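Residues per chain, in single letters:
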Amino acid sequence: MADMKDGAMENAYGTLASWVYHLDKPIGRSFGDIEFYRDRLAGCTGPVLEPAAGNGRVLIPLLEAGFDIRGFDASEEMVAYCRSECEARGLPSPVDIARFESFDYETRFGAIIIPAGSFQLITEPGQALAVLELFRGALEPGGRLILDLDALACLADTAFAARHWQAGDDLLTLVESRVETCFQRQTTLSQLRYEHWREGRLVASEIQLFHLRLWGLLEFELALRSAGFTEVGVYADYRTDSALEPGASIVTFEAVAPL
Ligand SMILES: C[S@@+](CC[C@H](N)C(=O)[O-])C[C@H]1O[C@@H](n2cnc3c(N)ncnc32)[C@H](O)[C@@H]1O
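Residues numbered from 1 in each chain as written. Predicted model: local features only at pLDDT ≥ 70, side-chain atom pairs only at ≥ 80, totals over all residues. Heavy atoms only, no water.

Asks: What is the right way to look at the side chain of Arg-144 in this model?
Replies: Locating Arg-144 in the fold gives a position in strand E5 (residues 139–150). Apart from the residues lying within four places of it in its own chain, the contact partners of Arg-144 are Arg-40, Leu-41, Cys-44, Gly-110, Ala-111, Ile-112, Leu-139, Glu-254, Ala-255 and Val-256. (Helix = DSSP H or I, 4+ residues; strand = E, 2+ residues; numbered from the N terminus. Contact = heavy atoms within 4.5 Å.)

Following this line, the structure appears as C-alpha cells:
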C-alpha cells in the first residue's frame, strides 16, 4: 500500500504533468467523447457542471457549442491552461479551483459530466459514495450525471510506457511504471515521472503518484442507486446504438436525480 504521506502527492497535476496533458490532449482533442457528451447534453435545460475539467479539453468545445457550462479542478496549473485558452478565444472562463470532495455551488445543474475516467481518481469507496451524493445534491430534480469509467480489465494491464513531446526547444518526457495492483480493492498505483529537457540538459523533473480505482458495472450501478440516483443507463465506447459488448474499453453511466 502507498504510504499515508504519499496521499498529498497522489493524483496531483503539477507544472510538468499539466504541461504534458495540455500538449498531449489539447482543447478539442476527442476520443469520441466530446461528440458523445455534446449529443447527450442536447436539450439539457439547466446549466452543466464539469468536475475535474482540467485544461478545458472538453469544456471549451462545449462552451463554444453554446452550452451554459462551468467547471472546476483541483490543479491550479490545469485551471490556468483552461483560463488562458478561454481568454485566447474571447470566451468567459467559467472554471474554479475546487475538489470533488468539497465543491459547493448555489446553482443546481441540469447535468454533471465527468469524461476521461476522472472519477476513478477517487480511490476510497466511502469517499466515492459521498462524492456521488454531492453530485446528486448538486443536480436539479431530473438532472443527469454522465460519467466515464475504464473497463475493469485495466486492472490486469501491466503498463510501462515511455513517451515524449517536443515543444519548440523544450523536450518533455514521461515514463510510467505500474508499482502496485490491488485486486481486492480494485486499485492501481503508478509512478509517472515527468522530465523537462532543453539542449540536452535536464531543467526540471516531477513525480506523480497516479492512483486509480476501477469499478465493476453492477457495483457502480449499485453505488449510483445507493447515492439516490434512479434510471441508471450504461453505454459502451461512446455509442448509444449498440448493446454493451464484453470487450468494451470505456463505459459511460448516465443516472438521473430523483424528481
Ligand atoms: C484526466 S484529467 C481530465 C481533464 C478533463 N476533464 C478532460 O477530459 O480532458 C483529470 C483531472 O482531474 C483533476 N483532479 C484530480 N483529483 C481531483 C480532485 N480530487 N478534485 C477535482 N479534480 C481533481 C486533475 O487535476 C486533472 O485535471
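Continuing now.
Asks: What is the right way to read the pairing of E5 from this model?
Replies: If a strand is regular, its side chains alternate between the two faces of the sheet. In this sheet, E5 lies alongside strand E4 (residues 109–114) in parallel orientation, the contact comprising five bridges. Note on E5: the bridge partner recorded for Ile-114 is Leu-147. The parallel pair E4 and E5, bridged by helix H5 (residues 125–138), forms a crossover whose chirality is right-handed. Pairing of E5 with strand E11 (residues 250–256) involves seven bridges; the strand directions are antiparallel. Of the residues in E11, the one forming a bridge with Arg-144 is Val-256. (Pairing = 2+ DSSP bridges. Right-handed = clockwise from strand over helix to strand, strands pointing away.)

Asks: Explain the domain arrangement of the protein chain to me, please; I cannot follow it from the model alone.
Replies: Buried accessible area, meaning the area lost when the parts come together, often serves as the stated size of an interface. Along its sequence, the protein chain is carved into domain 1 (4–151 + 215–256) and domain 2 (154–212). Between domain 1 and domain 2, the contact holds 22 residues from the first and 21 residues from the second. For the pair domain 1 and domain 2, the summed buried area comes to about 1900 Å², and 63% of that belongs to carbon and sulfur atoms. If you sort the residues of domain 1 by the area they bury against domain 2, Leu-16, Trp-19 and Val-20 come out on top, with a joint share of 29%. The interface formed by domain 1 and domain 2 holds one salt bridge in total. Across the pair Arg-163 and Asp-24 runs a salt bridge whose closest N-O atoms are separated by 2.8 Å. The tally of links from domain 1 across to domain 2 stands at eleven residue pairs in polar contact (both at pLDDT 80 or more). With seven residues, helix H1 (residues 15–24) is the largest single contributor of residues to the side of domain 1 that touches domain 2. (Domains from an automatic or database assignment. Buried area = accessible area lost by both parts, 1.4 Å probe. Salt bridge = Lys/Arg side-chain N within 4 Å of Asp/Glu carboxyl O. Polar contact = N/O pair within 3.5 Å; in protein donor to acceptor, adjacent residues only side chain to side chain.)

Asks: Even after reading the chapter, I still don't get the environment of Arg-198, so can you show me in this structure?
Replies: For Arg-198, the location among the structural elements is in strand E8 (residues 187–198). Assessed through its relative accessible area of 39%, Arg-198 is described here as partly exposed. Taking the C-alpha atoms as reference, Arg-198 lies 34 Å from Gln-120; in sequence the two are 78 residues apart. Once residues within four sequence positions are removed from consideration, Arg-198 is found in contact with Asp-169, Asp-170 and Val-203. A polar atom in the side chain of Arg-198 sits 2.8 Å from the side chain of Asp-170. (Buried < 20%, exposed > 50% of the residue type's maximum accessible area, 1.4 Å probe, protein only.)

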